[in-house]
Amino acid sequence: MVNIGVLISGRGTNLQGIIDNIHNGKIDGNIKLVISNRKDAYGLIRAKKAGIETLHLDRGKFSTEEEYNRRIMEEFINRDVELVVLAGYLRVLSKEFVREYENRIINIHPSLIPSFCGKGCYGERVHEMVLERGVKVTGVTVHFVDEGTDTGPIILQKAVVVKDDDTVESLKKRVLQVEHQLLPKAIELYCQKRISIQGRKVIIN
Ligand code: GRF
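Parameters and conventions
- Residues numbered from 1 in each chain as written.
- Predicted model: local features only at pLDDT ≥ 70, side-chain atom pairs only at ≥ 80, totals over all residues.
- Heavy atoms only, no water.
- Helix = DSSP H or I, 4+ residues; strand = E, 2+ residues; numbered from the N terminus.
- Rg over C-alpha atoms; globule rule 2.2 N^0.38 Å.
- Buried < 20%, exposed > 50% of the residue type's maximum accessible area, 1.4 Å probe, protein only.
- Contact = heavy atoms within 4.5 Å.
- Areas by Shrake-Rupley, 256 points an atom, 1.4 Å probe, with all protein chains shown as cover.
- Lys, Arg positive; Asp, Glu negative; His and termini not counted.
- Charge placed at Lys NZ, Arg CZ, Asp CG, Glu CD.
- Pairing = 2+ DSSP bridges.
- Axes fitted to C-alpha atoms, helices over the stretch in contact; angles between N-to-C directions.
- Phe/Tyr/Trp six-rings, centres within 6.5 Å; stacked < 30°, edge-to-face > 60°.
- Lys NZ or Arg CZ within 6 Å of the ring centre and 35° of its normal.
- Near = heavy atom within 4 Å.
- Polar contact = N/O pair within 3.5 Å; in protein donor to acceptor, adjacent residues only side chain to side chain.
- Nonpolar A, V, L, I, M, F, W, Y, C, P; charged D, E, K, R; others polar.
- Parallel < 35°, antiparallel > 145°, perpendicular 65-115°, else oblique.
- Left-handed = near helix turned anticlockwise from the far one by under 90°.

Participant: How do you make sense of the overall build of the protein chain when you look at a structure like this?
Facilitator: Regarding its fold elements, the protein chain presents 6 helices and 9 strands. Compactness check: the protein chain gives a C-alpha radius of gyration of 16 Å against a globular reference of 17 Å for 205 residues, within 12% of the reference. For the protein chain, the spread of C-alpha atoms along the three principal axes comes to 50 × 40 × 35 Å. Counting every position in the protein chain, which comprises 205 residues, the buried fraction comes to 48%. For the protein chain, the proportion of contacts with a sequence separation of at least 24, taken over those separated by at least 6, is 64%. A total of about 10100 Å² of accessible surface is found on the protein chain, and carbon and sulfur atoms cover 49% of it. Across the protein chain, the 31 positively charged side chains and the 27 negatively charged ones have centroids separated by 3 Å.

Participant: Is there a simple way to explain the sheet that holds strand β6 (residues 137-144) in this structure?
Facilitator: Strand pairing in a sheet relies on backbone hydrogen bonds. The paired strands run either parallel or antiparallel. Judged by pairing direction, the sheet is mixed, and its 7 strands sit side by side in the order β3-β2-β1-β4-β5-β6-β7 without closing on themselves. Each end of this open sheet is capped by a strand with a single partner; those strands are β3 (54-56) and β7 (154-161). Adjacent strand axes in the sheet meet at a mean angle of 20°, parallel and antiparallel pairs treated alike. As judged from the 7 bridges shared by β6 and β7, these two strands associate in the antiparallel manner.

Participant: What's the story with unusual backbone geometry in this structure? I'm lost.
Facilitator: Note on backbone geometry: most residues besides glycine have negative phi, and most peptide bonds are trans. Following Ile-113, the chain continues into Pro-114 via a peptide bond in cis, with omega recorded as 15°. On the secondary structure map, Pro-114 appears in the loop between β5 (105-109) and α5 (124-133). In this structure, Asn-103 is a non-glycine residue whose phi angle is positive, near 60°. By the secondary structure assignment, Asn-103 is in the loop between α4 (95-100) and β5. Given a relative accessible area of 31%, Asn-103 falls into the partly exposed group. Positive phi is not limited to glycine here, since Phe-116 has a value of about 50°.

Participant: I would appreciate a short explanation of the packing of aromatic side chains in the present structure.
Facilitator: Both the distance between ring centres and the angle between the ring planes are used here to describe each pair of aromatic rings. According to the stated counting rule, one finds 2 aromatic pairs in the structure shown. Taking the centre distance of 5.2 Å and the plane angle of 80° together, the rings of Phe-62 and Tyr-68 count as edge-to-face. Given the relative accessible area of 16%, Phe-62 is considered buried. The ring of Tyr-68 carries Arg-91 above its face, with NZ or CZ at 5.6 Å from the centroid.

Participant: How should the site of the ligand be read in this particular structure?
Facilitator: The ligand sits among Gly-10, Arg-11, Gly-12, Thr-13, Asn-14, Gly-88, Ile-108, Pro-110, Leu-176 and Glu-179. Residue Thr-13 places a side-chain N or O atom 2.5 Å away from an oxygen atom belonging to the ligand. The contact in question runs from an oxygen atom of the ligand to an N or O atom on the backbone of Asn-14, over 2.9 Å. Relative to its unbound accessible area of 360 Å², the ligand is 88% covered by the protein chains. Taken together, the residues of the shell around the ligand sort by class into 3 nonpolar, 5 polar and 2 charged.

Participant: It is not clear to me how the packing of helix α1 (residues 13-23) against helix α2 (residues 42-49) should be interpreted in this structure. Could you clarify?
Facilitator: Two packed helices can be described by the angle between their axes and the distance between those axes. At a closest axis distance of 9 Å, the pairing of α1 and α2 adopts a crossing angle of 15°. Put simply, α1 runs roughly parallel to α2. As for the relative orientation of α1 and α2, their crossing is right-handed in sense. From α1, Thr-13, Leu-15, Gln-16 and Ile-19 reach across to α2, where they touch Gly-43, Arg-46 and Ala-47. When its residues are assigned to classes, the contact of α1 with α2 shows 3 nonpolar, 3 polar and 1 charged.

Shown next, in the form of structure tokens:
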């Protein structure tokens, strides 16, 4: 049983996917704490409904990014969290945090990395760029977090076809459905200890 800490900033539909897959027995894990940087994140309600401890940490109450990240780390370490999941978390983690949890932080990104990612490219902006570029295929990437932005070793990817009449809304909806499959799958594999990392490559046994 792996202790999991989740960071969110918004609706928490990816968090819901993890909760549902713990309840149906696929993920051999236990969410010890959900932390949001936004007080109004609906994901906090989802966690509470599932009986999971929640915490809102207001960045404005901390003097530096390091201080803020140190508090998050403290909360997770105090609960023996082994795996940290960024489920729609829109802040960048400090280098100290990434080092402390090296290869134990999983993030989900709504494109096929290395396309349409990096600084400032998250959420709906990703889909806007996909439609502007006119690519025929986009998708979802689940990856380990390293000290860069969306640059860590890739765990799983799945393609999503872009339709000629797609809007940001229709594309986002279809990509999100794949996110809700892929993130729980990656966490399930991690909990089964079936993931190993060789250099930049992730091997699933
Ligand atoms: C998703 O599009 C995800 O790819 C991105 O942020 C959004 C969060 O959605 N990381 P939710 O809060 O999980 O519903």
